[in-house]
Structures are given as C-alpha cells and as structure tokens.
Amino acid sequence: MTAPTKGLEGIVATTSSVSSIIDGVLTYRGINIDDLAEKGTFEEVVYLLWYGKLPNQTELTEFKKQIVENMVIPNEVLDQIRLFPKDANAMAALRTAVSSLALYDEEAEDMSKEANIRKAIRLQAKIPTIISAFARIREGKEPIQPKKDASLCYNFLYTLTGDEPDPIAIEALDKALILHADHELNASTFASRVTVATLSDVYSGVTSAIGTLKGPLHGGANEAVMVMLEEIGTIENAEPYIEKKLENKEKIMGFGHRVYKTGDPRAKHLQKMSYELGKITGEMKWYDMSTIIEKMITEKKGLKPNTDFYSASVYTSLQIPRDLFTPIFAFSRVSGWTAHILEQLDNNRLIRPRAEYIGPSSQPYVDIENR
Ligand SMILES: CC(=O)SCCNC(=O)CCNC(=O)[C@H](O)C(C)(C)COP(=O)(O)OP(=O)(O)OC[C@H]1O[C@@H](n2cnc3c(N)ncnc32)[C@H](O)[C@@H]1OP(=O)(O)O
Ligand SMILES: O=C([O-])CC(=O)C(=O)O
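Residues numbered from 1 in each chain as written. Chains lettered and ligands numbered in written order. Predicted model: local features only at pLDDT ≥ 70, side-chain atom pairs only at ≥ 80, totals over all residues.

Before going further, it helps to examine the site of ligand 1. Surrounding ligand 1, one finds 18 residues, the nearest of these being Ala221, Lys251, Phe255, Gly256 and Arg258. For the shell around ligand 1, the per-class residue count stands at six nonpolar, eight polar and four charged. (Near = placed C-beta within 6 Å. Nonpolar A, V, L, I, M, F, W, Y, C, P; charged D, E, K, R; others polar.)

Quick look at the structure:
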C-alpha cells in the first residue's frame, strides 16, 4: 500500500470531462469561466454541464421550459417544511427536504440515464423553490408559486420576496450562480460521486453533497465570512480584529484553497460585483472591510480570497438572509453535482480506497467484568 496523503491532497481520484482547473484556470467543458460569467446565463451553463455543449436558441428555450415546469414542489414536502423548527439550520432544512423529494418521485429508483437526467432537471428546478419556501414559512408567510415564463434566478428572487426582482439583482445572482456551478472534484462533488458509485440513487447523491457542502471549510464559508464581517462591525475595527485572529492562529474564513495557490479565478468577478452592488445600494461598508481584510491576509499569510469571500458581501447587498448563502451555493452546485453523478454512472466502479491501520494490534478481548 502507498502512504496516505492527509486530506487526499494531490491525489487524482478519477477522470472527468465536466470541469477542469489547470494552471489556475477554471473551465466548464473547456470553456473559460470568465467568458461564461461575462456572456452566459445560468440555464445555459446547466445545459453545458449536463450535455457537454452550449444550447442553441431552440434547445435553450425548450430547456428553460422543462426547468420552470418542474419548479413546483410536492405538497407533502411543503407540509414537512411547515413542521420544521423555525430556527432550523437552513442547510439542514434543505438537506432534509431534498431527501424527502425522493419519496414523491416515482422515478427515484429508476437508474436509467433518461430517468436520471429527468431527476437532475427536477432537482435543479425544485431546490430554489425549497429554499424560498423554507425562508417564507419560517417567517409565517405563505410560499409563492414560481412564474411559468421566467428564469430560475428570477423565480428564486420572486418566490423569496414576493416582489418583482430588480434586473440588477437578477443579473448579479445569475452571475454568482454561474461562478459556483461546478468545480472539479471538490468535497461535495466527490461525496456525490462516492454515493452514486454504490449504485445508490441520484437523490441520495445530492443529499450527501448538500451535507458535505454545509461545512465551513467548504460552502459554509460564505455564511461564516458574513458572520466575521458582522462581528467586525466597523471599518476601523477590521485591522485589530484580524490581527487578533492571526495572533490566536485562527483561520480567516473565505481565504485559502486546496487547489489554487495563486488565487481563485472566480473571486475577481465576485469582488467586482461586491463593489458595484455596494455603489448601487449606497452601502460600501462590507466591501471596504473586505478589501482591508484581503490586503492583510495576502500580506501576512500569502493567502488569497476564495469564491466564498466576496460572495458574502454580494449576497448581503442583494438583501438575502445570511443563512441562505450556502443554500444558494447548493442551488447553483446541484448542476455540477448532477453532471458528475451522470458521468460517474456512465462508467461506474465502486469508489473504495484503503486506510493504513495505525491503531494497536494483538489486543486481548477482556471480559466485561474485568474491564
Ligand atoms: C467553495 C469552497 O469550498 S472554497 C473554501 C472555503 N473555505 C474557507 O474559506 C475556510 C478557510 N480556509 C481553509 O480552511 C483552508 O484554506 C481550506 C480548507 C480551504 C483548504 O485547506 P487545506 O488545503 O487543507 O489547507 P490547510 O488547512 O492545511 O492550510 C495550510 C496552511 O495554511 C493555513 N491556512 C489555510 N487557510 C487559512 C485561512 N483561511 N486562514 C488562516 N490560515 C490558513 C493553515 O493554517 C495551514 O498553516 P500551517 O501549515 O502553518 O498549519
Ligand atoms: O474545489 C474546492 O475544493 C472548493 C471550491 O472552491 C468549490 O467547491 O467551489
């Protein structure tokens, strides 16, 4: 057996043609993320991840229709959400509701490729509806039905607030969704592939992935960044706060990355959005604080912001509640998870690495009365 690498760092565990990170450049199906973020729409990106090519106009129109038709969630799942504690963790609520969706999908156990694609469409369509329904129900409000002729992003903002969303907010959120859609063999995608590689179903794969994304070392970092910014409170407090954290050898959320050592190519887009949205809303505090932190961490630790760092101030400018930041990451990343699940099942083999045993050996079994 070869020696283990802590956290599987540097281990190539599979081949994939969904997305790549080569020399710090991120591509989805070979298309640079910068181009997709500048010119694409989220639905186009989802189509690209699943079908390996950008859709033409007819394909895109049909695809958007299929998605929007699937946005409504079963009443049984809505009834379950009504029973969730009002202060439930939003990712735990999403994980539970997504798992429940399987119970009301007649095709849940059908592992044909066609059925798995239909389930991917349903999951992509229903996850934003679950998030907004949960957010409204906990505030004592009724869920809102999505509109039939609108995008996923429009419908998410509309069903969250009940108001006609601002075109600037739609554009910003759509770009954030594109930037978060896929990321090679990140922890949650790996979890989804491990799950379906046992020939378990797509809902199980996505439920595993949501549980994995929740942690603050992964997707949960966007919420943790906002907790930090709120704790800092004022621009003047940013420097002493960070100094103290560094002195105490605490991690600064939103910095560092297992794969990128010279910077996350998504962060520049989110930084620009954070600045522009700050200017539009007239609240620059979060952006200004973030730039102070970035300068300090870059200088003192040589670490760069990752995708989660500026997402926090972007979503805050969009008036999205802090605990929905990571669920929004899941709303985007389910496109990548399902693309990887389909790829895994196309050429499946059980994923089962080894562990090097380092525990005691030749231990006697001691009878219970003698322990
Ligand atoms: C979408 C995403 O998932 S992006 C990542 C989101 N997560 C975060 O932002 C959480 C903060 N960042 C981190 O915890 C890490 O950088 C990770 C989890 C992203 C990457 O982890 P790893 O590749 O395992 O790096 P690891 O945690 O071993 O760090 C290597 C060194 O850099 C330091 N370091 C890494 N990130 C940070 C940070 N954010 N703040 C302070 N120090 C850090 C570690 O303390 C460690 O130092 P040491 O060698 O002196 O012990
Ligand atoms: O790739 C990773 O390890 C984490 C990450 O940035 C992502 O999932 O977007």
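Another aspect to go through is unusual backbone geometry. Despite not being glycine, Arg29 shows a phi value in the positive range, around 50°. Inspection of the secondary structure assignment puts Arg29 in the loop between strand E2 (25-28) and strand E3 (31-32). Residue classification places Arg29 among the partly exposed residues on the basis of 19 C-beta atoms within 10 Å. The phi dihedral of Lys249 is positive, around 60°, even though this residue is not glycine. Among the secondary structure elements, Lys249 is positioned in the loop between helix H12 (235-247) and helix H13 (267-281). (Helix = DSSP H or I, 4+ residues; strand = E, 2+ residues; numbered from the N terminus. Buried ≥ 20, exposed ≤ 12 C-beta atoms within 10 Å, placed from the backbone.)

All right, on to the sheet that holds strand E1 (residues 19-22) then. Across the sheet, which stays open at both edges, the three strands sit in the order E1-E2-E3 with antiparallel pairing between neighbours. Where the open sheet ends on each side, the last strands, each with one partner, are E1 and E3. The sheet contact formed by E1 and E2 spans four bridges and is antiparallel. Among the inter-strand pairings, Ser19 is bridged to a residue of E2, identified as Tyr28. (Pairing = 2+ DSSP bridges.)

It is worth spelling out the site of ligand 2 at this point. Looking at ligand 2, the residues that line it are His183, Asn186, His257, Arg258, Val259, Asn306 and Thr307. Grouping the amino acids of the shell around ligand 2 by side-chain chemistry returns one nonpolar, five polar and one charged.

Tracing the backbone shows Pro55 in the loop between helix H2 (42-51) and helix H3 (57-69). Taking the C-alpha atoms as reference, Pro55 lies 9.0 Å from Val45; in sequence the two are 10 residues apart. Beyond its immediate stretch of four places on either side in the chain, Pro55 contacts Glu44, Tyr47, Leu60 and Phe63. (Contact = placed C-beta atoms within 7 Å.)

Let's shift gears to the pairing of E2. Burial of the side chains of E2 is restricted to one face: Leu26 and Tyr28 are buried, whereas none of Val25 and Thr27 on the reverse face is. Joining the antiparallel neighbours E1 and E2 is a turn of two residues, in which Asp23 adopts a positive phi near 50°. Hairpin connection from E2 to E3: two residues lie between these consecutive antiparallel strands, with Arg29 at a positive phi of about 50°.

What follows concerns the UniProt feature "active site" (unreviewed entry) in the protein. Residues annotated in UniProt with the feature "active site" (unreviewed entry) correspond here to His257 and Asp308. Spatial clustering of the annotated residues is evident: they stretch over 52 residues in sequence, but the largest pairwise C-alpha distance comes to 10.6 Å. Setting aside anything within four residues of it in sequence, one finds His257 in contact with Asp264 and Asn306. Relative to the helices and strands, Asp308 resides in helix H15 (residues 307-317). Leave out the neighbours within four places in its chain, and Asp308 touches Ala221, Asn222, Val225 and Gly254. (UniProt positions renumbered as here; feature names shortened; annotations may be inferred.)

Taken N-terminus to C-terminus, the directions of helix H14 (residues 285-301) and H15 make an angle of 170°; their axes are 9 Å apart at the nearest point. It follows from the interaxial angle that H14 and H15 lie roughly antiparallel. Along its contact with H14, which presents Trp286, Tyr287 and Ser290, the element H15 presents Phe309, Tyr310, Ser313 and Thr316. Looking at the contact of H14 with H15 residue by residue, the classes come out as four nonpolar, three polar and no charged. (Axes fitted to C-alpha atoms, helices over the stretch in contact; angles between N-to-C directions. Parallel < 35°, antiparallel > 145°, perpendicular 65-115°, else oblique.)

It is worth spelling out the environment of Leu94 at this point. Within the secondary structure, Leu94 sits in helix H5 (residues 90-101). The sequence separation of Leu94 and Ser311 amounts to 217 residues, and the corresponding C-alpha distance is 20 Å. Those residues in contact with Leu94 that sit more than four places away from it in its chain are Ile130, Ile131, Ile210, Pro327 and Ala330.

Residue pairs three or four apart in sequence face the same way in an α-helix, which turns once every 3.6 residues. Relative to the 18 Å expected for 13 residues at 1.5 Å per residue, H3 spans 18 Å between its end C-alpha atoms, a close match to the ideal helical length. Where H3 is concerned, the buried positions are Lys64, Ile67 and Val68. Summarising the axial view, the buried residues of H3 lie within an arc of 90°, below the 170-degree limit, and thus occupy one face. What points out from H3, more than 90 degrees from its buried face, is the exposed set Thr58, Glu62 and Lys65. (Expected span 1.5 Å × (residues − 1). Arc of directions from axis to C-beta.)

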